[in-house]
Amino acid sequence: MYEIAQRVLTLLTEPQREVTVTVGLPYEEPTGEWSCPYRIDGLAGWEHERKVSGADSIQALEIVLTVVRSALEGSPEAREGLLVWEEFT
């Protein structure tokens, strides 16, 4: 994946760990659809590359940001208040 954006969050466990969200460059599929890869490292079950698809590259980017936000907010770690972005702590 060619990375275009990344954010590092902190998991307030003992010891603290990092959760890294990486978004890749959108690319056109042979079908004409556009896909955007992403990866969330540090949360159980997310440690492999995934992708979302859209009608064009902008839509794929919009969808990937929505999916990542939902995955992070819906994680057990976030629901327990253990997942923070240092910018807002």
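Caption draft 1: Quick peek at the overall build of the protein chain. When you go through the protein chain residue by residue, the secondary structure sums to two helices and six strands. Going through the 89 residues of the protein chain one by one, you find that 31% of them count as buried. Residue pairs in contact within the protein chain that sit at least 24 positions apart in sequence constitute 33% of those at least 6 positions apart. For the protein chain, the distance from the average site of its 7 positive side-chain charges to the average site of its 16 negative ones is 4 Å.

Caption draft 2: Summary view of the pattern of salt bridges. What the rule picks out here adds up to three salt bridges. Where Lys51 meets Glu29, a salt bridge forms, and the shortest distance between an N and an O atom there is 2.7 Å. With Lys51 in strand E5 (residues 50-54) and Glu29 in the loop between strand E3 (27-28) and strand E4 (34-41), the pair connects residues that are 22 residues apart, well separated along the chain. Its salt-bridge partner being Arg39, residue Asp41 comes within 2.8 Å of it at the nearest N-O pair. Taking the relative accessible area as the measure of exposure, Asp41 reaches 25% and is therefore partly exposed.

Caption draft 3: Highlighting the packing of aromatic side chains. Overall, the coordinates contain one aromatic pair when judged by the stated rule. Ring centres 6.5 Å apart and planes at 45 degrees place the aromatic pair Tyr38 and Trp46 in the tilted group. Across the ring face of Trp85, the terminal group of Arg7 is positioned such that the distance to the ring centre comes to 3.4 Å. Directly above the ring of Trp46 sits Arg50, whose terminal nitrogen or CZ lies 4.0 Å from the centroid.

Conventions we followed
- Residues numbered from 1 in each chain as written.
- Predicted model: local features only at pLDDT ≥ 70, side-chain atom pairs only at ≥ 80, totals over all residues.
- Heavy atoms only, no water.
- Helix = DSSP H or I, 4+ residues; strand = E, 2+ residues; numbered from the N terminus.
- Buried < 20%, exposed > 50% of the residue type's maximum accessible area, 1.4 Å probe, protein only.
- Contact = heavy atoms within 4.5 Å.
- Lys, Arg positive; Asp, Glu negative; His and termini not counted.
- Charge placed at Lys NZ, Arg CZ, Asp CG, Glu CD.
- Salt bridge = Lys/Arg side-chain N within 4 Å of Asp/Glu carboxyl O.
- Phe/Tyr/Trp six-rings, centres within 6.5 Å; stacked < 30°, edge-to-face > 60°.
- Lys NZ or Arg CZ within 6 Å of the ring centre and 35° of its normal.

Keep in mind these numbers describe shape, not what the thing actually does.
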